Amino acid sequence: MRRFERGLGVIVGSWLAALALCGAGSAQESFPNRTVRVVNPYSAGSVADVFGRIVTQNMAAQWNASIILESKSGANGSLAAEDVARAAPDGYTWLLVTTFFTTSPSLNLVLRWDPLRDFVPVGQICQAPNFFIVPTSLPVKNVAEYVALAKAKPGTLNYGHPGKGSTGHLGFELFKRLGGIDVTPIGYRGYPQMVADIASGLITSTFLSANQALAQVQTGTIRIIAAISDGRSKYFPDVPTMAEQGYAEAQVTPWFGIVVPTGTPQPIVNRISQALEIAIANPKVREKLDLAGCAAKSAPLGEFADIIKSDIALWAKVVKDAGIPAD
């Protein structure tokens, strides 16, 4: 009798396990069957929001499903990251990521999320080239002349950045170390005032995106002395890159991508990644991203994970070398 009961228990247990597996498989195969939430760490209408909407609209059409973007700005992306890190790992909550995702571990004494432990990389969306900008009142036309002026007058030049930990901040600090120059950082809360101040000559240098630089170039108030991009930029093809001017290590281009919570089933991660790859290969999507100032750049799964790990190490070194205190 006991042998029969044990045998029955094994059969029932196996049946329940198989049923659970079937249910999990069915859920993965039918994904998504409800609304997907993508958390944007910046405000609605920000460049991250624009890039995210362009690709997710295409992904939603592929699946005939609903994908919504929810802005949750604050604490330099940490509020959004905490939200997604704590979400159910079922594929229905994504985080839109950019520079903050790899700089935060070096700049925060207490971080309640970890980019490697708490998230699984899905894929990169695009790269948004920056441009090295000076006011036309500054007598330099290339990077070599800028470095020479900075060395001749140490501490008199400055650069503006849109916030601690941004590419404009740490990227310029990296350039300073490579050039061996002393240039004073001036932090802003975003771009509007900073762009006005570079145009007026109040600040003597900064990094701007193509869209931010274009209007000022047209008015003749600023000069672009280098493109921070992989190869000549289509936006300003006559401008040589940092690499062409001897600063290849400073060729750090901001990127945007998608991650999901750790524990998300791999088949679902793969499904999201495949849809993202299809989206960024679509000519209309690429055109929209291009017009918005971001060049579609595929880097799925493991490739994106390598980019994230590499950038975490890079920015940790920059923060240490520059002596930037953690908050």
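For the structure, check the block above.
Computed from a predicted model, the values in this text were never measured in an experiment.

Some remarks on empty space enclosed by the protein
- Tallied over the full model, the rule gives two cavities of 30 Å³ or more.
- There is about 50 Å³ of room inside the largest cavity.
- Taken together, T99, T102, T167, V252, T253, P254, W255, D311 and W315 make up the full set of residues lining the largest cavity.
- Residue classes in the lining of the largest cavity are distributed as four nonpolar, four polar and one charged.
- In this structure, the second largest cavity spans a volume of roughly 40 Å³.
- Forming the boundary of the second largest cavity are N130, T167, G171, L174, F207, I228, A250 and V252.
- It is helix α6 (residues 167-179) that contributes the most residues to the lining of the second largest cavity, three residues altogether.
- Across the lining of the second largest cavity, the residue classes break down as five nonpolar, three polar and no charged.

A short note on the sheet that holds strand β3 (residues 93-97)
- Spatially, six strands are ordered β2-β1-β3-β10-β4-β11 in an open sheet, and the strand pairing comes out mixed. Each edge of the open sheet is held by one strand with a lone partner, namely β2 (67-71) and β11 (295-300). On average, adjacent strands in this sheet sit at an angle of 25 degrees to one another, irrespective of strand direction.
- Bridging between strand β1 (residues 36-40) and β2 involves five bridges; their strand directions are parallel. Looking at the pairing, V39 lines up with E70 of β2.
- Packing against the sheet, helix α9 (residues 266-281) makes contact with β3, β4 (119-127), β10 (255-261) and β11, and its axis sits at approximately 0 degrees to β4.

Structural notes on helix α5 (residues 143-152)
- Of all the residues in α5, the buried ones are V143, Y146, V147, L149 and A150. Looking down the long axis of α5, one finds its buried residues gathered within 165 degrees of arc, a one-sided arrangement. Exposed residues lying more than 90 degrees from the buried face of α5 are A144, K151 and A152.
- Residues of α5 that are buried make contact with β5 (130-135), β6 (158-161), α6 and β9 (222-228).
- At the N-terminal boundary of α5, the capping side chain belongs to N142, with an oxygen 3.2 Å from the backbone nitrogen of A144.

The rules behind the values
Residues numbered from 1 in each chain as written. Predicted model: local features only at pLDDT ≥ 70, side-chain atom pairs only at ≥ 80, totals over all residues. Heavy atoms only, no water. 1 Å grid on protein atoms, 1.4 Å probe; cavity = no way out; pocket = protein on both sides within 12 Å on 5 of 7 lines; lining within 4 Å. Points joined across faces, edges and corners; volume = space filled by probe spheres on them. Nonpolar A, V, L, I, M, F, W, Y, C, P; charged D, E, K, R; others polar. Helix = DSSP H or I, 4+ residues; strand = E, 2+ residues; numbered from the N terminus. Pairing = 2+ DSSP bridges. Axes fitted to C-alpha atoms, helices over the stretch in contact; angles between N-to-C directions. Contact = heavy atoms within 4.5 Å. Buried < 20%, exposed > 50% of the residue type's maximum accessible area, 1.4 Å probe, protein only. Arc of directions from axis to C-beta. Polar contact = N/O pair within 3.5 Å; in protein donor to acceptor, adjacent residues only side chain to side chain.

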